Each structure stands twice: as C-alpha cells, then as structure tokens.
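Analysis of the macromolecular model
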Amino acid sequence: MPVELYNTLTKRREEFKPMAPGKVGIYSCGPTVYSHPHIGNFRSFLVADLLKRFFEFKGLKVTHIMNITDVGHLVDDADEGADKLEETARKEKKDPLEIARFYTESFMTASKLLNIKPADVYPKATEHIQEMIDMVKTLVDKGYAYVVGGNIYYDVTKFANYGRLSGNTLDDLNAGARIELNPEKKNPQDFALWKHDPKHLQQWDSPWGRGFPGWHIECSAMSSKYLGAQFDIHTGGEDNIFPHHECEIAQAEGASGKKFVHYWLHTRFLLFDGEKMSKSKGNLYTIQELIEKGFKKNAIRYALISSHYRQNYNFTFDGLKAAAQAIDKIQQCVFQLKDISKNKESGQVRKELQELSSNCLAQFDEALSDDLNISKALAVCFDFLREVNKVDDANSTEANALLDTIGKIDSVLGVLEKADEEVPAQIIEMAEKRKEAKANKDWKTADAMRDEITAKGWILEDTPGGGYRIKRGGQD
RNA sequence: GGCGGCGUAGCCAAGCGGCCCAAGGCGACGGUUUGCAAAACCGUUAUUCGUGGGUUCGAAUCCCACCGCCGCCUCCA
C-alpha cells in the first residue's frame, strides 16, 4: 500500500517514494532548550513519532534525527544580540549550557512519558559549530553569502527558489514591511549565517573572528551530516515553514547544489480551549504539569495524536478525559483477551477471526497511508474491537491471535500500558474479601469492600466468570 | 497590506461529486446482561453538513458572495 503525504513544498499530496528502497530518513526540528517544552511542542514531536512508527509498522527501516537547539535564536533581526537561551541564562544567573542541559533533561523526560520512540541521534547545535562554519564557508565561497565585518549574511537574491516552500515572494515580503532595516544587509530579507557580538555569552572562534551561528544554519548542517545532503522527510511545526525551513533550503541547496528534502511535513498549531497558547494566557501546559493534575500520560498522547496533523486541534481537559475513556475501551478488550488466553483451551483460529484481523490491519494501513488519516485509523480500530467483544467463545489461540493484532495497532498508536498496573496488596486483599463475601451472597460486605476500594482511588469491576478487574480510578 | 487554513450532531472528529436519510470516539437516554454496579452488546441521539446564491441528472463535497474563527509574514512546534 503506497503512502501518500501532503508535501508543503509542492502544496499537494504525493505518493511517498523513499530514496533508498525500504529505508526512510527523517529529520525533525526539535526543541529549543531554554524552557520546558509544552503540549504544543509535543504535538509536533508526536506527529513525527506517529509517522515513524507507521513506517516501521510497514516494515521500513527509519533513521530519525532530532536536533536539540542549545544555541538560542536571536530575538529579532536587529543587532540586539539577545536570544532566548541567553535571556534565561542571565535571568537565572546560570551558564547557558547548564540551562540547556536542564531543559534537555525535561524534554527527554516528557518524551519518555509520552512513549515517544527515541530518535537515533539528538545532535546538539553547540557540538556542531565546526560543521556550521564549514557550510557557511562553502556558501561564502560559492557567492551565496557575503561578509560584513564579523557578520555573514545570506544573499537571498542569489537563490532562485527562495520563497518556494512558504509561497512568499521577496516582493510580498517587502510589502509586509515589518522588517527593521539593517544597513549592513544588501537586501532586507538577507539572513544571518554568523554573527559577531561581544555581549553574547556563547562564542566560538571562526575564520571571521569570534561569534556565534545564525538562526537557521544548525539544521542545514546537522541534517546533512547525519542524513546526507539529500534525504526523505523533514518535519516541524507550521511556524517553521517561514523563515526557518525556507532558509534551511537556501543554505543546504546553496552549499550542496542538490535538492535538499523531498517531503516537508508541517504540523498545525494546537489551540487550548479555542485559543492560541501563549505565556500571557497561562495555557502553555507541560506534560509534567498535566500529569500532576492527575491526567494519564497515555491519555495525553492519545489526545495529541487523535486528530489530523494538518488541522488545528483544540486541546481541552474534557478531551483528555474522553481520550482516557477511549484508551480504557481498548485496554478492557485486552484484559478480556488475556483472561481467555490464560484460562481457555488452545485450538484452531477460525477463518472468520483470521479475516477479521487481516482486514483490520489492512484498513488501518490504508487509513494511515492516506496522509496519516488517524481518525479513520482509529475508527477501524474501534470497529475491530466491537467485533472482538462480540466473540464469546474464543479459545486461547484465538485470543492470542487477536491480542497480536491489537499489539500491531498499538505499535503505531503507542497508548496501551505495557504491563498491568501494580495494584497495591491492600487493594487486592479487599478485592479477595469481596469475592468471598459475594460467594456467600453477603452483598452488604461485598458492596462495602467495593466502595472502600473506590475511595482509595481504584475501580473494581466484576467479570462474568466470577473474577474481577482492578484498574486505576479516573482523574481529577 | 501579502500568503494560507478552517466552519459537519451536546463535545471531539472522518467524509471532499452519486455507496451519505454523513464513520469513529466521548457524553446522554432506553434495552439485554448483572445480587446491585461496571464492562460488553443492541438501539436512539445531524433528512443534514456556517449563511445565501449558482453549476450539475445529482453537492457536505465544485464555483461565487457574505458571515465567523485561526495561522504565517516577527522568537515560537
């Protein structure tokens, strides 16, 4: 089944053809580590994760690179030299690298909580200064860039395709006229490749004196290093389209003379309660904060991946609760199947169940192949679950086969708990007491036990065979 | 000012010319089941897709206008 993806570069859906058969190279714009990444950042990272897991589901070998920006981006294009990382460093009176390390750790922790598969390499900008200098040198040598004092600028008029990704033209950009004129630049749209500013905390030696790299060069340099001058897919948030990715293309293609990236995927912004997320509105939640509020980590993951990546998703606490319910629906089915798998005889897998599984997987594949149509894919998943729940005479072999199918789906979704949650001995004791009371038809004691378990934050459900399932209580 | 996206049930969200009197999830209501619950299953919950026109044998899907929301053009996933 061929995969179709919407390519920002061509502004249409295209069949995905990897450069090397069976292999995919993906570069994702990662976090700038001057603060805790929030749910919006993670939506974009989760889209990359979903894409990667889906390719792996289809049997492709994925090489995934995600950069860690530990050199701050400039706040503006004027010569102020203040950047976010530096700002935080000055405010917290810490070394920029110390800040970067702290927030990188925060990012990694949250990624793990969200069950994001680690990238193969997380290159740090500060560890690739030499690669950036080399690329800048090439651009100067080839005439794409010019030196003014200790600063290097990219001359956008030298790169014919500048604006192709974003749809901007130089004329339109000039009409925007929100750019402060910098007398050093030949054209207002020229962007910095290397900057000189003695006030800057992070400085490196270069052929043009001490300074620091411009905003965009790190991604061009690092992606080329780890994936080659040409690679398959580049992902990021919609805000990256311009100027960041536009400039990346100009740099990489200027330096190599080859087409840089074949497919550009951009994730649309997340809204919170219908509003743009921003610091002033106080709705920039981090993953850790949501977990502290009592929401489950897999519900956060589900909520963030459950709508199409090219659509604004309105993130709400109610949505998070709905997500938790949806996951429990899957989890419940898994629980029943495991129960059957343990307690029933083995046997043949009926043809109709084989077909149920293979149809489900084929439709799931088809849905995601359709530009990652996750809504359709989830619908397939729940339709399958309904059919499975109707089967009341499965043998253990069949249960295992169905579990295997759910496992394959979850290898992409990544929302199921790997192991059954550790239930405290005290709770199990109460559940056993209830079981005994039930056997004696002592409903009063049985109900009291169940209430007590509920009060302790757990939920006890009876199963038809006289057994029970204990699960974590809801959030809030 | 330039470029782009969106508006589908109480909420989230597919569908993008006939299979649609429109998937799926959450919620609600009724039923089966259960000691009672929960879960599961069955059924109900949009004859209608922001509004008004048009094209077409046929439109949620195409065109036009209008209204509303959002994003980018400036650090931002």
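Everything that follows concerns the structure shown earlier in this document.
**A look at the sheet that holds strand β12 (residues 275-276)**
Within a sheet, each strand pairs with its neighbour through backbone hydrogen bonds, oriented either parallel or antiparallel. If you trace the three strands from one edge of the open sheet to the other, you get β12-β11-β13, paired in mixed fashion. With one partner strand each, in any of the chains shown, β12 and β13 (313-315) form the two edges of the open sheet. Pairing of strand β11 (residues 270-272) with β12, which is carried by two bridges, proceeds in the antiparallel orientation. In the sheet register, Leu 271 faces β12, and the bridge partner there is Lys 276. Along the sheet, helix α1 (residues 39-57) makes contact with β11 and β13, crossing β11 at roughly 150 degrees.

**Looking at unusual backbone geometry**
For the bond running from Phe 242 to Pro 243, omega is 0 degrees, close enough to zero to count as cis. On the secondary structure map, Pro 243 appears in helix α7 (residues 241-256). Positive phi values are uncommon outside glycine, yet Asn 115 reaches one of about 60 degrees. Structurally, the position occupied by Asn 115 is in the loop between α3 (96-113) and α4 (129-141). Of the residues examined, Asn 115 reaches a relative accessible area of 24% and is grouped as partly exposed. Unusually for a residue other than glycine, Asp 371 sits at a positive phi of about 50 degrees. Position of Asp 371 relative to the elements: it lies in the loop between α11 (351-369) and α12 (374-390).

**Regarding the side chain of His 244**
Of note, His 244 is situated in helix α7. Overall, the relative accessible area of 9% leaves His 244 in the buried class. Leaving out residues up to four positions away in the same chain, His 244 has contacts with Cys 29, Trp 215, His 216 and Cys 219.

**Looking at the sheet that holds strand β3 (residues 23-28)**
Reading across from one edge, β4-β3-β9-β10 is the order of the four strands in this open sheet, with parallel pairing throughout. Both edges of this open sheet fall to β4 (61-66) and β10 (261-267), since each of them pairs with a single strand only. Between one strand and the next, the sheet's axes are offset by a mean angle of 20 degrees, whatever the strand orientation. Pairing analysis gives six bridges linking β3 to β4, with the strands arranged parallel. Paired with Tyr 27 across the two strands is Ile 65, which belongs to β4.

**Some details on α1**
At 3.6 residues per turn, the α-helix brings residues three or four places apart onto the same side. Here α1 is 19 residues long and its end C-alpha atoms lie 25 Å apart, about the 27 Å a rise of 1.5 Å per residue gives. Of the residues one or two after α1, Gly 59 is the one with positive phi, at around 90 degrees.

**A closer look at the pairing of strand β2 (residues 12-15)**
Strand residues, when the strand is regular, have side chains that alternate between the two faces of the sheet. The sheet contact formed by strand β1 (residues 4-7) and β2 spans four bridges and is antiparallel. Residue pairing for β2: Leu 5 is matched across the bridge by Glu 14. Hairpin connection between β1 and β2: a loop of four residues separates the two successive antiparallel strands, and Lys 11 in this loop has a positive phi of roughly 60 degrees.

**Observations concerning the nonpolar core**
Core analysis: the largest hydrophobic core is formed by 82 residues, its most contacted members being Leu 5, Ile 39, Phe 42, Phe 55, Ile 233, Phe 315 and Ile 406. Here this core gets ten residues from one element, more than from any other, and that element is helix α10 (residues 317-343). Composition of this core by domain shows at least three residues from each of domain 1 (4-267) and domain 2 (288-413). If we skip the residues at most four places from it in the chain, Phe 315 touches Ile 39, Leu 270, Leu 271, Phe 272, Asp 273, Leu 290, Ala 303, Leu 304 and Leu 320. Counting 40 residues, the second largest nonpolar core, distinct from the first, contains Ile 129, Ile 133, Val 156 and Ile 217.

Scoring rules and cut-offs
Residues numbered from 1 in each chain as written. Chains lettered and ligands numbered in written order. Predicted model: local features only at pLDDT ≥ 70, side-chain atom pairs only at ≥ 80, totals over all residues. Heavy atoms only, no water. Pairing = 2+ DSSP bridges. Helix = DSSP H or I, 4+ residues; strand = E, 2+ residues; numbered from the N terminus. Contact = heavy atoms within 4.5 Å. Axes fitted to C-alpha atoms, helices over the stretch in contact; angles between N-to-C directions. Buried < 20%, exposed > 50% of the residue type's maximum accessible area, 1.4 Å probe, protein only. Expected span 1.5 Å × (residues − 1). Core = buried A, V, L, I, M, F, W, Y, C linked by side-chain atoms within 4.5 Å. Domains from an automatic or database assignment.

Read these as geometric descriptors, not functional statements.
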